[in-house]
Amino acid sequence: MILDPRQSVAGMGHRLPTSWTHVHSEHPTRIQLPRTALSVQPITLWPDHLPHARPLLSDKPSDIVYALVSSTGMRGNLFAALSTDPSYDRVLLHQHDNQHTSTMVTADTQAALAALTATYTSTLSFYLNAQRVSLEVPDPTITLLEYIRSTGLTGTKLGCAEGGCGACTVLVQSWEDGKVVSKSVNACIAPLISVDGKHVVTVEGIGNSTAPHPVQERIAKMHGSQCGFCTPGIVMSLYALLQQNPEPTEAEVEECWDGNLCRCTGYRPILDAGKTFATGCGRAGGCCRDQKKEDAHANGNGNGDSTTVKNGEVDGDGLLDGEIDFTSKPKKVPTTAPSPCGKTNCCRTTPSNPKQPPPSTPTFAPYEPSKDLAFPAKLKSFTPSALAFGTPTRRWLRPTTLDELLKIKAICPSAKIVGGSSEVQIETKFKGVNFAVSVYTGDIPELRTVEFTEDGLVIGANITLSSLEGVLDEACEHFAEKGSAPYRALLKTLRGFAGRQIRNVATPAGNIATASPISDLNPVLMATGSKVVMESVNGGTSECYIRDFFKGYRSTALEPEAVITKLVIPASKGGEWVQSYKQAKRKDDDIAIVNAGMRVRLGGGYVVEEIDLCYGGMAPTTVASKKTMAFLKGKVWGEKDVLEGAMKSLEEDFNLPFGVPGGMPIYRKSLAFSFFFKFWSEVTTTMTGTASEDDDLPHAEITRNISAGWRDEEIPNDGNNAIVGKPLPHVAALKQVTGEAQYIDDLPRFSNELYGCLVLSTKAHAKIVRVDTDAALDMSGVAGYVDHTDLPSPEANWWGAPRCDEVFFAVDEVFCAGQPIGFILADTKAHAQAAARAVVVEYEELPAIFTMEEAIAQDSFFAHYRFIKRDGDDMDGAFAKADHVFEGVARMGGQEHFYLETNAAMAVWKPEDGEMDVYSSTQNPTETQTYAAKVTGVPANRVVCKVKRMGGGFGGKETRSVQLSSICAIAAKKMKRPVRCMLDRDEDMATSGQRHPFLSRWKVGVNNDGKLVALDADVFCNGGWTQDLSGAIVERALSHIDNVYYIPHVNVRGRVCKTNIHSNTAFRGFGGPQGMFICESYMSEIADQLNMSVDKLREINFYKEGQKTHFNQVLEDFHVPQIYEQIKVEADYDERRKAVDEFNKTHRWRKRGLALIPTKFGISFTALFLNQAGALVHIYHDGSILLAHGGTEMGQGLHTKMCMVAAEELGVTLENVHISETATNTVANTSSTAASASSDLNGMAIKNACDQINERLKPYREKLGPDATMKQLATAAYFDRVNLSANGFYKTPTIGYEWGNENSKPMFFYFTQGAAIAEVEIDTLTGDWKCERADVKMDIGRTINQAIDYGQIEGAFVQGMGLFTMEESLWLRHNGNLFTKGPGAYKIPGFRDVPVSFNLSMLKGVPWKNLRTIQRSKGVGEPPLFMGSAVFFAMRDAIKSARKDAGNTGLLALHSPATPERIRLACTDEITERAHVNAKEKEHNWFIQP
Ligand SMILES: Cc1cc2nc3c(=O)[nH]c(=O)nc-3n(C[C@H](O)[C@H](O)[C@H](O)COP(=O)(O)OP(=O)(O)OC[C@H]3O[C@@H](n4cnc5c(N)ncnc54)[C@H](O)[C@@H]3O)c2cc1C
Ligand code: FES
Ligand code: FES
């Protein structure tokens, strides 16, 4: 049935189904349905019907191709361009069983392929940790990661499955041209076939906790592992670097981690540990050490397979670049952290703050490369032979010659070529494409050649990008200054391309063939006049300029049966400039928002002879700005009116509409114009030689030095303790760095275990019309389906604390995309996921609310309402008396927790008495137990919840983990089998909730002298579809809206917006950071309007000791003024303020900013009953101690601190004390591990238990003397029948705030306090930025473990910096689904985002007269998070200067996060004016910011 193009699918009587298969072909001729297909309905669609449509893969009519139109599965903003692409006006749709896309191969083709590959072998063989593996029947569906983990080597983790987090990093070694080549690889995207004939090394292969590898030992001892989930990947990235280059520079060490993420540590300690292996810093400008290494690795690309190959030959010293010469003597490394150069003033060990001493480092074993796991000798003689294995629907081929490859393609044009698989695996995993035939090309030598011709460089199309980096380095030398401009531009592009692990496998052909509109290589290749060479059996060899290669969104001139074999990149001629640009949300490992490649050739009189200005991110394909190029040709470069004319032409070239797919129309246009302006500037200044390096040049880009930092190691402690206060490593650190530490998904499998996969709503608000599971239940391996009908009663479906307002499974209506509807159970994860996709859900859509503004307008709130106002306070009178009254709006976005371990649970059903064990990655064992009992209809005493550790929590597993664990419990009971599920990253992000976005409309009265008089504010947060903890979170925001300032009259009111997004939840800080952000926003805006320095305004209004907060709590031990003064002096604040102002006076295009932000954070749960804890201490008669307490370990070092407390109290060594797990059958009725109070609460409970035991041991201590060991004491007491077990308990005294009763008890037990200074530099043309330096000083009392507490401060600061600068959750307007569902689209800070200089200290020398906590320590988990906002406010400072230069005197209301987009658009200038786009009536931004 062909529909009228303008008639929507809804015109067929129903709405566009959730998933469709579409076939793209100008003239689709035949359609063959998969077995389970329901119907075929060819229709013609207009683009707006199908915003998600993928390019289709059809080639020959004989190869039938299906492609699922996934509503949410696209990465980045790649797909966004599609709906503007006219080539998509005819799309054939076919609704089927919800299975993902399949490329189908006809029986004839299969037979022909079988004949062609009859001589191919089907046995895959490789080495895994030096053990030979031979797979006779390899599973064609699994990745390298899945294989490794299936063997029981669970050290290699799954963090994202999209190559974006590095948790799965392994080393892959191969023997090439007589040498070992070592590279770090993301096992999650590596096809198993890619390791044939290679050596795979996992974290288990290099060491164990008794004999760790030096990389493992140093990361553990230097506190580089907190939750440990990222750690194996981080270890392997560095190990891979050392295999390739045992003497790396510091720059190379930093760079080896550009594809790894850690959410806990803030990276500093990992960097420190890594740098103990470095031989020099490699910093721009030169290390004080010999420059030899820098010359060899001028571009910081020493890691990876940077083979120095010319014409297929290895040259040089007979060793590949960076390869280890095993015959050489081992390098001697000192046993303490060396000054890399031996100089006393080495630039590495000289602290960035010259007032401070260099950091101390622990003792560790020397690194001797010769002791590393040897490359298996047998692989040196391995000759790859052609491989073929798999099933008719999933077949892998690995030809070893180009000829074989071309023959395969001739027979089966739809055979998918797989180079590095960094695109293909994303399509397979997230876009659900199932390629019937895949051909791995990584072992075809003809596709990896390198040739230097007279005219330029010719490279094999499937050379890896890491190798290409090395080749381009050589090309720069070979073609010298005159000819190397294209290669320099490409090198710059590659440095910002993905992470190291991706560059180690990804290939240029993969990038070009993908034809992504934001490909990084294509704009430069297009601008440089590069060509692709294509070959096929029937078509022979042909060439095509890149500029002619792209035909439409992700479609190219490549014939289906052809292969890209080579890439020709011409050298430049005289008078030519080439440059590349890229702006992304994050500097490392991020896809571009806009990128560009530009080339100009000037003749006499600077007349433009040739010009290419090519852009990505501005259209459905990489495009040339044709009008601008035409305008510039023949014009004189450098003349002002020519620049003006070019800018006008660019406006015509890129006339993006407001609602442009991918969003950011004004920013994208600004970037396009700014990039050209930069190019213009660079060419103009260099052609005339008029500028020096120091000049303020528009084209100067932000660069960063090697990271450095300092921790004040003097302990704020009285020194009387034997253990407490020492900077001891995390007790599980060695297990974490060696991969021995187990998380839920690492637990051994039960033989009858089932794996679950959630069926999630794809609609934001809809009635459920029909759920059809028939097809899913028919699928291979599927055992069952669970939904709301499987609960003991309808009431049991309800959960949530404190309000029981959420259902585990939707009943007849869904309220957000990502809400669970059902749970499919199967024998494997893959089967469960495939079946979950096959569940058909029909919806009838209902109106949805997403943003706080929409909720306010529609009065959509939860009933919870709180206010703080002193009785009888005359607010009107106060405002009337104030000299000024200012009003404003503060707004900040939410934040994804991005714990590296996603939510995971396993419920083990037991045949007796309704018993069940629930293993969960949860911060809240008791709530997990309570709801598992409720949903299985038993009392709590039948259920045990056990938590060994979590791979991060940050509040995200305080309540939301209960959803998955309870669903597993329901399923386990129904199936009478163990049920496990670890959510994929995208599922976790879609369903589990985030930090709340906040909005406040404030009014502040202030006097001329800067004294605050009154604050009135409405505070709203976006709670999502259920209340969860939103009420308590908005309460904490209200109580922190004063930050550290005394305001005599306050009236603040808090509401929770009810919307159709996932239910937002606790996140480190719990509303506190949002409240303080509102405060510092109004402080900044008031200061600007009073024309007063914000520092002065702050100082004038600081609380004084003994003053009362607006919720009537007397401030005791208030140290903010001391902290503030100390940090100012220590960090040279005043001098640096002057220097920043001076810099800004002389610089227009780069601006610096500085901010000093104080904080106070109230410690206690605001729900009184939660302020209690229990502990259980057993002393066995051998003297060993088993400790249990109610807190859970999520990386924050709680167990380490608690073991230290017990050891100190009982007078034993730390090794004597062991914590096995947190379990509800050892300590009952626990509070969640949250609110920064767990050390206080559990530490006191432990002390209470230890006190009891000490009392009982007293007679034995007296009898056996002070030197008696615990073994002697325990043995003696045991034989005297003394109870050596004690149950401890603690409840926080004095607190008990009652909302609405200003005379009630204090809200908080005490306040943790601090201050931070941040200095930033921004590029006013692009919004690019760096944090040059940050200093943080915290008052955390007398620290229990200084190293762990510093780890918390660093981690929280960097997490806070992410919150306020780069982390942005976006929803798609057209379907209400979360867009930012993985590391590809959601950016947390990486290794090179941390402050270049990062210095920490603790407040010392104060008495803490009123502090009555365990060891007089203070909670530290949450309070430093707000310190990250100093970076935001420093940016604000810098932006103000840019606006001033541009004559913009308007008040700056900067919302958080300050993304590059916000920074650039706040730096208003002529370019942003030109780029301005007005929304047409009813036109909306592509994304929603809730
Ligand atoms: C975490 C991550 C980060 C990324 N970052 C970036 C980035 O910063 N910039 C960027 O531009 N891209 C980025 N990408 C995308 C991707 O890495 C690149 O496009 C890469 O170059 C693809 O190369 P590949 O060899 O892995 O391609 P593959 O996935 O193997 O193949 C991609 C496509 O190319 C085809 N193909 C491969 N070789 C040939 C050949 N010889 N002839 C014909 N067709 C061929 C395949 O059939 C397939 O259609 C990123 C991807 C990931 C997963
Ligand atoms: S799991 Fe492989 S990179 Fe994240
Ligand atoms: S230690 Fe890195 S993510 Fe937890």
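Residues numbered from 1 in each chain as written. Chains lettered and ligands numbered in written order. Predicted model: local features only at pLDDT ≥ 70, side-chain atom pairs only at ≥ 80, totals over all residues. Heavy atoms only, no water.

Asker: Just to check I follow, could you spell out the overall build of the protein for this structure?
Answerer: Across its full length, the protein holds 39 helices and 54 strands. Looking at the 1490 residues of the protein, the share that counts as buried comes to 67%. Per element, the accessible surface of the protein, about 49,200 Å² overall, is 51% carbon and sulfur. (Helix = DSSP H or I, 4+ residues; strand = E, 2+ residues; numbered from the N terminus. Buried < 20%, exposed > 50% of the residue type's maximum accessible area, 1.4 Å probe, protein only. Areas by Shrake-Rupley, 256 points an atom, 1.4 Å probe, with all protein chains shown as cover.)

Asker: Can you walk me through the pairing of strand 40 (residues 979–982) in this structure?
Answerer: Within a regular beta strand, the side chains point alternately toward one face of the sheet and then the other, so they alternate between its two faces. Burial of strand 40 is two-sided: the residues Val979 and Cys981 facing one way and the residues Arg980 and Met982 facing the other way are all buried. Where strand 27 (residues 754–760) and strand 40 come together, two bridges link them in parallel fashion. Following the sheet pairing, Tyr755 is matched in strand 40 by Arg980. Bridging between strand 37 (residues 904–909) and strand 40 involves four bridges; their strand directions are antiparallel. (Pairing = 2+ DSSP bridges.)

Asker: When you look at the site of ligand 1 in this model, what are you seeing that I'm missing?
Answerer: Around ligand 1, 30 residues are found, and the nearest of them are Lys416, Ile417, Gly419, Ser422 and Thr507. At 2.6 Å, a side-chain N or O of Thr507 approaches an oxygen atom of ligand 1. Contacts to ligand 1 include Lys582, whose side-chain N or O atom sits 3.1 Å from an oxygen atom. Burial of ligand 1 by the surrounding chains reaches 95%, relative to a free accessible area of 980 Å². Sorting the residues of the shell around ligand 1 by element identifies strand 13 (416–418), helix 14 (508–514) and strand 21 (563–570) as the ones contributing at least two each. At five residues, helix 14 tops the list of elements feeding residues into the shell around ligand 1. (Near = heavy atom within 4 Å. Polar contact = N/O pair within 3.5 Å; in protein donor to acceptor, adjacent residues only side chain to side chain.)

Asker: What exactly am I supposed to notice about the sheet that holds strand 28 (residues 766–772) here?
Answerer: Sheets are built from strands paired through backbone hydrogen bonds, the pairs being either parallel or antiparallel. Read across the sheet, three strands follow the order 32-28-34 without closing on themselves; strand pairing throughout is antiparallel. One side of each edge strand has no neighbouring strand; the edge strands of this open sheet are strand 32 (813–814) and strand 34 (840–845). With six bridges joining them, strand 28 and strand 34 adopt antiparallel strand pairing. Looking at strand 34, one finds that Arg770 is bridged to Glu842.

Asker: Got a minute to help me understand the UniProt feature "binding site: Mo-molybdopterin" (unreviewed entry) in the protein in this structure?
Answerer: Those places that UniProt annotates as "binding site: Mo-molybdopterin" (unreviewed entry) correspond, in this numbering, to Gln923, Phe954, Arg1068 and Ala1235. The largest pairwise C-alpha distance within this set of annotated residues, which runs over 313 residues, is 12.4 Å, so the set is compact in three dimensions. Among the secondary structure elements, Phe954 is positioned in the loop between strand 39 (943–947) and helix 26 (961–975). On the basis of relative accessible area, Phe954 is assigned to the buried category, the value being 10%. (UniProt positions renumbered as here; feature names shortened; annotations may be inferred.)

Asker: Would you take a moment to explain the pattern of salt bridges for this structure?
Answerer: Where charged atoms from two side chains of opposite charge approach closely, those side chains can pair. For the structure on display, the rule yields 77 salt bridges. Of the charged contacts in the structure, one is a salt bridge between Glu610 and Arg601, with a shortest N-O distance of 3.6 Å. Residue Arg601 is classed as buried on the basis of its relative accessible area of 19%. One salt bridge connects Lys910 with Asp917, and the closest N-O pair in it is separated by 3.2 Å. With a relative accessible area of 10%, Asp917 lands in the buried category. Three or more residues are tied together by salt bridges with common partners; here these are Arg149, Lys157, Asp745, Asp746, Arg749, Glu753 and Arg980. (Salt bridge = Lys/Arg side-chain N within 4 Å of Asp/Glu carboxyl O.)

Asker: Explanation requested: the packing of helix 29 (residues 1072–1090) against helix 37 (residues 1429–1445) in the structure shown.
Answerer: Helix-helix packing is characterised by the crossing angle of the two axes and by the distance between the axes. Orientation of helix 29 relative to helix 37, taken along the N-to-C sense of each, is 25°, at an axis distance of 12 Å. When the interaxial angle is binned, helix 29 and helix 37 end up roughly parallel. The two elements helix 29 and helix 37 meet at a crossing, and its hand is right-handed. Facing Phe1077, Glu1080, Ser1081, Ser1084, Glu1085 and Asp1088 of helix 29, the residues of helix 37 in contact are Phe1432, Phe1433, Arg1436 and Lys1440. Residue composition of the contact of helix 29 with helix 37, by class: three nonpolar, two polar and five charged. (Axes fitted to C-alpha atoms, helices over the stretch in contact; angles between N-to-C directions. Parallel < 35°, antiparallel > 145°, perpendicular 65-115°, else oblique. Left-handed = near helix turned anticlockwise from the far one by under 90°. Contact = heavy atoms within 4.5 Å. Nonpolar A, V, L, I, M, F, W, Y, C, P; charged D, E, K, R; others polar.)

Asker: Explain helix 36 (residues 1346–1365) here, please?
Answerer: The periodicity of an α-helix, 3.6 residues per turn, causes residues three or four positions apart to be oriented the same way. The end-to-end C-alpha distance of helix 36, which contains 20 residues, comes to 28 Å, matching closely the 28 Å that a straight helix rising 1.5 Å per residue would cover. At the N-terminal boundary of helix 36, the capping side chain belongs to Asn1345, with an oxygen 3.0 Å from the backbone nitrogen of Ala1347. (Expected span 1.5 Å × (residues − 1).)

Asker: Would you mind showing me how to read the nonpolar core here?
Answerer: For soluble globular proteins, the rule of thumb is that nonpolar side chains tend to be buried together. Grouped together as the largest cluster of nonpolar side chains are 218 residues, with contacts concentrated most on Leu1015, Tyr1082, Ile1179 and Phe1357. With residues up to four places along the chain from it excluded, the contact list for Ile1179 reads Ser1184, Ile1185, Leu1210, Ile1253, Leu1257, Met1270, Ala1274 and Leu1284. Grouped together as the second largest cluster of nonpolar side chains are 78 residues, Leu145, Phe452, Ala461 and Ile502 included. (Core = buried A, V, L, I, M, F, W, Y, C linked by side-chain atoms within 4.5 Å.)

Asker: Whenever I open this one, the packing of helix 34 (residues 1238–1264) against helix 35 (residues 1270–1279) confuses me. Can you help?
Answerer: Between helix 34 and helix 35, the least distance of the axes is 10 Å, while the angle of their chain directions is 120°. One element, helix 34, and the other, helix 35, form an angle in the oblique class. Our pair here, helix 34 against helix 35, has a crossing hand that is right-handed. On helix 35, the residues touching Leu1257, Tyr1260, Arg1261 and Leu1264 of helix 34 are Met1270, Gln1272, Leu1273, Ala1276 and Ala1277. Its residues assigned to classes, the contact of helix 34 with helix 35 shows seven nonpolar, one polar and one charged.

Asker: What's the story with the UniProt feature "active site" (unreviewed entry) in the protein in this structure? I'm lost.
Answerer: On the UniProt side, "active site" (unreviewed entry) is annotated at positions that read Glu1422 here. Within the secondary structure, Glu1422 sits in the loop between strand 53 (1397–1402) and helix 37. Ignoring sequence-local partners within four residues, the contact set of Glu1422 consists of Arg1068, Gly1069, Phe1070, Phe1161, Ala1235 and Ser1236. A distance of 2.8 Å separates a polar side-chain atom of Glu1422 from the backbone nitrogen of Gly1069.

Asker: Please clarify how the environment of Pro1423 should be interpreted in this entry.
Answerer: By the secondary structure assignment, Pro1423 is in the loop between strand 53 and helix 37. Sequence separation between Pro1423 and Phe1357 is 66 residues; the distance between their C-alpha atoms is 9.2 Å. Once residues lying within four places of it in the same chain are set aside, the contact partners of Pro1423 are Thr1159, Phe1161, Ile1163, Ser1236, Thr1312 and Met1338.

Asker: Looking at this structure, I do not really get the sheet that holds strand 24 (residues 608–616). What am I missing?
Answerer: One open sheet accounts for four strands, arranged 22-23-24-25; its pairing is antiparallel. In the strand order of this sheet, the two ends are held by strand 22 (576–583) and strand 25 (623–624), each with one partner. Relative to strand 25, strand 24 is paired through two bridges, and the arrangement is antiparallel. The residue bridging Tyr615 from the neighbouring strand is Val623, located in strand 25. This element, helix 19 (residues 665–688), spans strand 22, strand 23 (594–602) and strand 24 of the sheet and lies at about 150° to strand 22.

Asker: Explain the packing of aromatic side chains to me, please; I cannot follow it from the model alone.
Answerer: Two aromatic rings are characterised by how far apart their centres lie and by the angle between their planes. Summed over the entire model, instances satisfying the criterion amount to 42 aromatic pairs. Ring centres 6.1 Å apart and planes at 75° place the aromatic pair Phe808 and Tyr931 in the edge-to-face group. One end of the pair, Phe808, is in the loop between strand 31 (806–807) and strand 32; the other, Tyr931, is in helix 25 (residues 925–936), with 123 residues separating them in the sequence. Like Phe808, the residue Tyr931 is buried in the burial classification. Seen from their ring centres, Phe1077 and Phe1432 are 5.2 Å apart, and the 75° between their planes marks the pair as edge-to-face. Of this pair, Phe1077 sits in helix 29 while Phe1432 sits in helix 37, and the two are 355 residues apart along the sequence. Take Phe1077: its relative accessible area is 1%, and that puts it in the buried class. Here Phe1432 falls in the buried class, since its relative accessible area comes to 1%. One aromatic cluster is present, built from ring pairs that chain together Phe1077, Phe1364, Phe1426, Phe1432 and Phe1433. The lysine or arginine in question, Arg995, covers the ring of Phe1067, its NZ or CZ lying 4.3 Å from the ring centre. When the ring centre of Phe1143 is taken as origin, the NZ or CZ atom of Arg1152, which lies over that ring, is 3.7 Å away. (Phe/Tyr/Trp six-rings, centres within 6.5 Å; stacked < 30°, edge-to-face > 60°. Lys NZ or Arg CZ within 6 Å of the ring centre and 35° of its normal.)

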